[in-house]
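# Examination of the molecular architecture
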Amino acid sequence: MAGAVRAFLRTVFQPMPRLDPQRARNLPVPADAQKLVAELMREGRILMAIKEIRTATLYDFRDARDAAFAIHYGVEVPTRPAPEHS
């Protein structure tokens, strides 16, 4: 039984991919989105923070994740105006 539990946990709890907050220095995010993301990350709402960046910038998941964690850890992320959505 213990072996089955360990095998199950290995499939469910995969290690998180390596985050690269330094890469986020080249990923501009609108200032209002940065404030909201910082608040969401403090509350532990990581996926909502990533979704907010994806909505505000149209980045893919990896770029949005790196930007969210960079904002959380205090890495300077450049600002830019929000894109016009049609």
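Data block above holds the structure.
To keep things clear, this report deals only with the structure shown in the data block. Computed from a predicted model, the values in this text were never measured in an experiment.

Here the focus is the overall build of the chain. Counting its secondary structure elements, the chain contains 4 helices and 0 strands. Starting at the N terminus and walking to the C terminus, you meet the elements of the chain as α-α-α-α. Per-residue burial over the chain gives 31% buried out of 86 residues. Within the chain, counting contacts between residues at least 6 apart in sequence, those at least 24 apart form 68% of the total. Approximately 6,100 Å² of the chain is accessible, and the part contributed by carbon and sulfur atoms is 57%.

This paragraph deals with the packing of aromatic side chains. Under the criterion given, the structure shown has 1 aromatic pair. Residues F69 and Y73 carry aromatic rings whose centres are separated by 6.2 Å and whose planes lie at 25° to one another, so their mutual orientation is stacked. On the basis of relative accessibility, which here comes to 56%, the residue Y73 falls in the exposed class.

With 12 residues, helix α4 (residues 61-72) ought to run about 16 Å at 1.5 Å a step, and its terminal C-alpha atoms sit 16 Å apart, in line with that. Elements that come into contact with the buried residues of α4 comprise α2 (31-42) and α3 (46-57). At the C-terminal side of α4, G74 shows a positive phi close to 85°.

Scoring rules and cut-offs
Residues numbered from 1 in each chain as written. Predicted model: local features only at pLDDT ≥ 70, side-chain atom pairs only at ≥ 80, totals over all residues. Heavy atoms only, no water. Helix = DSSP H or I, 4+ residues; strand = E, 2+ residues; numbered from the N terminus. Buried < 20%, exposed > 50% of the residue type's maximum accessible area, 1.4 Å probe, protein only. Contact = heavy atoms within 4.5 Å. Areas by Shrake-Rupley, 256 points an atom, 1.4 Å probe, with all protein chains shown as cover. Phe/Tyr/Trp six-rings, centres within 6.5 Å; stacked < 30°, edge-to-face > 60°. Expected span 1.5 Å × (residues − 1).

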